[in-house]
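Reading the structure
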Amino acid sequence: MEKVPDLHRTEELSAIAVDYCPEVCQHFPEQREISVTFDERGGARWRSTRRFSSGTFSAKIKTPSGNTSGLNSSFYLSTLEGPRDQDEIDFEFLGKDKGTVQTNFYTHGTGGREVIHDLGFDSSQEFHEYTIKWEPDRIEWLVDGKSIRVAEKKTKEGPEEHEGKVGEGEGVKEGKGAGEEALEEEEDEGFPTGPCFLYASVWNAGEVNEGLWAGPYIGCDVPYVCVYKDVFVPCH
């Protein structure tokens, strides 16, 4: 069996902190499960209790079911929520289409690297594994063990070039699906350096870009529940 590099050795996430609305976030350590409910009280955001500067992060996720237009369910890394100069690496499930997931990353508060991926399944019907592999000069996003995107830090001299540098909901770039090979490597001078907490949240994004990003919020099927289980983080 091939040895896992120390950088990517993982352990189960045993403790979390809840940043807001703890009454709608439940942690069941024995079942290795965390659930976030979105209803008239709003949603919640949980995070790891320590930060990381690299490594592998994964969770099996089942997103909310029903008419989820307007909701954003996420699994991501961020230096800190609140300040606008954060580094961040994202998986975001946009409620208007449960058959896709958006990946993105920020450096010093600058994003605009959104890519939409066709999953080939409804993310609310059963659990699927979503993984972020973060190295100092490389980020890889995987779904059920299949690479869907790779970004590499730019090392050669020359102007910085990006495809799909757009705002939320405005012409977001389409990427490969979960059953296809990863995107070509992306060169980027700006790159997340951390250290980052692991975060997850469910929130109403229905007003972002006048509803074009996640769809307008309808809310006819509340309560909405997003479940995260078998969450793993780096053990270094």
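Residues numbered from 1 in each chain as written. Predicted model: local features only at pLDDT ≥ 70, side-chain atom pairs only at ≥ 80, totals over all residues. Heavy atoms only, no water.

**Notes on the pairing of strand β17 (residues 224–234)**
What counts is decided by this rule: Think of it in three bands: residues with accessible area under 20% of the maximum for their type are buried, residues over 50% are exposed, and the middle band is partly exposed, with areas taken using a 1.4 Å probe on protein chains only. Under the DSSP-based scheme used, a helix requires at least four consecutive residues in state H or I and a strand at least two consecutive residues in state E, with every element numbered from the N terminus. Strand pairing is assigned whenever DSSP identifies at least 2 bridges connecting the two strands.
Along β17, 8 of the 11 residues are buried, which leaves the element largely enclosed by surrounding structure. Here 3 bridges tie strand β1 (residues 10–12) to β17, and the two strands are oriented antiparallel to one another. By the bridge assignment for β17, Thr10 is matched with Pro234. Of the strand pairs in this sheet, strand β4 (residues 33–38) and β17 are connected by 6 bridges, and their pairing is antiparallel.

**Quick look at the pattern of salt bridges**
Opposite charge on two side chains lets them pair, provided their charged atoms get close. Inclusion rule: The working definition used for a salt bridge is a side-chain nitrogen of Lys or Arg within 4 Å of a carboxyl oxygen of Asp or Glu.
Under the criterion given, the structure shown has 9 salt bridges. Linking Asp230 and Arg32 is a salt bridge whose minimum nitrogen-to-oxygen distance equals 3.4 Å. On the criterion of sequence distance, the pair formed by Asp230 in strand β17 and Arg32 in the loop between β3 (25–28) and β4 is long-range, its members being 198 residues apart. The closest approach of N and O atoms between Glu140 and Arg138, which form a salt bridge, is 3.1 Å. A relative accessible area of 11% means that Glu140 is categorised as buried. Three or more residues are tied together by salt bridges with common partners; here these are Glu12, Arg32, Lys60 and Asp230.

**What about the nonpolar core?**
Defined as follows: For this analysis, a nonpolar core means a set of buried residues of the types Ala, Val, Leu, Ile, Met, Phe, Trp, Tyr and Cys, connected via side-chain atoms within 4.5 Å.
The biggest cluster of nonpolar side chains holds 41 residues, and the ones touching the most others in it are Trp46, Phe91, Trp141, Tyr228 and Val231. With 5 residues, the single largest contributor to this core is β17. The next biggest cluster of nonpolar side chains, apart from the first, holds 5 residues, and it includes Leu94, Ile116, Ala205 and Trp213.

**Let's talk about unusual backbone geometry**
Put simply, Gly194 and Pro195 share a cis peptide bond, and its omega is -5°. With respect to the helices and strands, Pro195 occurs in the loop between β15 (186–188) and β16 (197–204). Omega for the peptide link from Val222 to Pro223 comes to 0°, which places this bond in the cis form. A positive phi angle, close to 50°, is found at Asn209, a residue other than glycine. Residue position: Asn209 is located in the loop between β16 and β17. Classification of Asn209 by relative accessible area gives partly exposed; the value is 23%.

**Details of the packing of aromatic side chains**
What counts here: Two rings belonging to Phe, Tyr or Trp (six-membered ring only in the last case) form a pair when the distance between their centres is within 6.5 Å. Interplanar angles under 30 degrees mark stacking, angles over 60 mark edge-to-face geometry, and anything in between is tilted. Note on geometry: a ring has a charge over it if NZ (lysine) or CZ (arginine) is within 6 Å of the ring centre and within 35 degrees of the ring normal.
Taken as a whole and judged by the stated rule, the model has 10 aromatic pairs. Plain terms: the ring middles of Phe197 and Tyr199 are 6.0 Å apart, the flat faces sit at 75° to each other, and that makes the pair edge-to-face. The residues Phe197 and Tyr199 share a single accessibility class, namely buried. Pairwise contacts between aromatic rings join Tyr76, Phe197 and Tyr199 into one cluster. In this structure, Arg149 packs its charged tip against the face of Trp141, placed 4.8 Å from the ring centre. Its end group placed over the ring of Phe127, Lys229 keeps NZ or CZ at 4.3 Å from the ring centre.

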